[in-house]
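# Survey of secondary and tertiary structure
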Amino acid sequence: WDNADFSRGVGTTFYQEFSTLNTAKPPFVRDVEAKVRRYLRSSYSAVWTLKITWEKAPVYAARTDTRKTITYQAVLTTDGFRSYVLMLYQDGGMQWDYTRLTSTNVLIGYT
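The structure displayed is predicted, hence computed values, not measured ones.

The next thing to look at is the overall build of the protein. Regarding its fold elements, the protein presents 1 helix and 4 strands. Beginning at the N terminus, the succession of helices and strands in the protein can be written as β-α-β-β-β. Restricting to contacts in the protein with at least 6 residues of sequence separation, those with at least 24 account for 60%. Surface summary for the protein: the accessible area is close to 7500 Å², and the carbon and sulfur share equals 50%.

See the structure below:
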């Protein structure tokens, strides 16, 4: 996500932590657990989850155009033994035009 550019005051980044060990689980955490169970076909009960949101993030370099923005999230979750990352994008997926980025080695995800 190094191609997001917040230098012009457009967009924001925020996070929310969910510690769910011995506590009631909010709907968001239950949804994350359901996704992990469905996609990986395994039992899963989260004890900690972190949601990071990049809201209306303009593509680098924002100095040329701040109108084309994207909202996306990374959700990190663990049961204390296994950990997962969910990459969530607004409807339509990542909509930055990668052919117009300053870098040509574009990767969506993590390594």
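For the rest of this paragraph, the subject is the side chain of threonine 53. Tracing the chain through its elements places threonine 53 in strand β2 (residues 48-58). You can call threonine 53 buried: its relative accessible area is 5%. Here glutamine 73 takes part through its side chain, which lies 2.9 Å from a polar atom of the side chain of threonine 53. The residues contacting threonine 53, other than those within four sequence positions of it, are Thr12, Thr13, Phe14, Thr71, Tyr72 and Gln73.

The next point concerns the packing of aromatic side chains. Taken as a whole, this structure holds 4 aromatic pairs when the rule is applied. Their ring planes at 10° and their centres at 5.1 Å tell us that tryptophan 54 and tyrosine 72 sit as a pair that is stacked. Placement of the pair is tryptophan 54 in strand β2 and tyrosine 72 in strand β3 (residues 69-78), with a sequence separation of 18 residues. Taking relative accessible area as the criterion, tryptophan 54 reaches 12% and is therefore assigned buried. The ring of phenylalanine 28 carries lysine 51 above its face, with NZ or CZ at 4.4 Å from the centroid.

The rules behind these values
- Residues numbered from 1 in each chain as written.
- Predicted model: local features only at pLDDT ≥ 70, side-chain atom pairs only at ≥ 80, totals over all residues.
- Heavy atoms only, no water.
- Helix = DSSP H or I, 4+ residues; strand = E, 2+ residues; numbered from the N terminus.
- Contact = heavy atoms within 4.5 Å.
- Areas by Shrake-Rupley, 256 points an atom, 1.4 Å probe, with all protein chains shown as cover.
- Buried < 20%, exposed > 50% of the residue type's maximum accessible area, 1.4 Å probe, protein only.
- Polar contact = N/O pair within 3.5 Å; in protein donor to acceptor, adjacent residues only side chain to side chain.
- Phe/Tyr/Trp six-rings, centres within 6.5 Å; stacked < 30°, edge-to-face > 60°.
- Lys NZ or Arg CZ within 6 Å of the ring centre and 35° of its normal.

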